[in-house]
Amino acid sequence: MKKVYYLSLVVGLTIIFSMCSKTSTAEEEKQLTEAFLENEKIVIDPSKMEEELFNLVNEHRLSIGASQLQNSSSSYVHAQEHSNYMISQNELSHDNFDARASKIALEINAVNVSENVARYYSTASAMLNGWLNSASHKSTLEGEFTHATLNVELDKNGRAYCTQIFMKVD
């Protein structure tokens, strides 16, 4: 019965993610099932994943000639609130982004704000690859931003939800 549940979950998630992703179904299925490998308990340390993913994003940006992002710790609460909101809704979303972006712009004088979200990835590198394989997420990640904040929260099943907010401060 567990196998049927996990298979149904994987198929459902694959369908959802295939609607907005350019990766092949096989690649998406591999990424989505990574956290559900049978007989293997994956424990995610959200703080460690945040740090690793932030560093990987900056490494990627530097590799393409973009500027390194500075950490905006004052905006962290907005990313954390949104990650927790997605967990409460049990779905990825950019709900209330305009309000979030407006608050951040006022707080740090940002002239541009954008965000990437993700869920169910068990490693920072897999999450980065997911964003890089999506044209819209890649464009945001590689955009002309100066600052970012990144939050990872775990749902009750230990699965990661992530919000990264990108900001351009003049």
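Residues numbered from 1 in each chain as written. Predicted model: local features only at pLDDT ≥ 70, side-chain atom pairs only at ≥ 80, totals over all residues. Heavy atoms only, no water.

Naming follows an unreviewed UniProt entry, where the chain appears as CAP domain-containing protein of Flagellimonas hymeniacidonis.

Q: How do you make sense of the overall build of the chain when you look at a structure like this?
A: Scanning the chain for helices and strands turns up 7 helices and 4 strands. Overall, the chain shows an N-to-C arrangement of helices and strands of α-α-α-β-α-α-β-α-α-β-β. Relative to its full complement of 170 residues, the chain shows a buried share of 45%. Put simply, of all contacts in the chain between residues at least 6 apart along the chain, 67% involve residues at least 24 apart. Of the roughly 9,200 Å² that the chain leaves accessible, carbon and sulfur atoms contribute 51%. (Helix = DSSP H or I, 4+ residues; strand = E, 2+ residues; numbered from the N terminus. Buried < 20%, exposed > 50% of the residue type's maximum accessible area, 1.4 Å probe, protein only. Contact = heavy atoms within 4.5 Å. Areas by Shrake-Rupley, 256 points an atom, 1.4 Å probe, with all protein chains shown as cover.)

Q: Hey, could you run me through unusual backbone geometry in this one?
A: Across residues other than glycine, the phi torsion is negative in most instances, and most of the peptide bonds are trans. One non-glycine residue, N90, adopts positive backbone phi at about 55°. Secondary-structure assignment places N90 in the loop between α4 (76-89) and α5 (97-108). Among the residues examined, N90 registers a relative accessible area of 48% and is labelled partly exposed. In this model, Y120 sits at a positive phi of 70°, which is unusual for a non-glycine residue. The topology assignment puts Y120 in the loop between β2 (110-119) and α6 (124-132).

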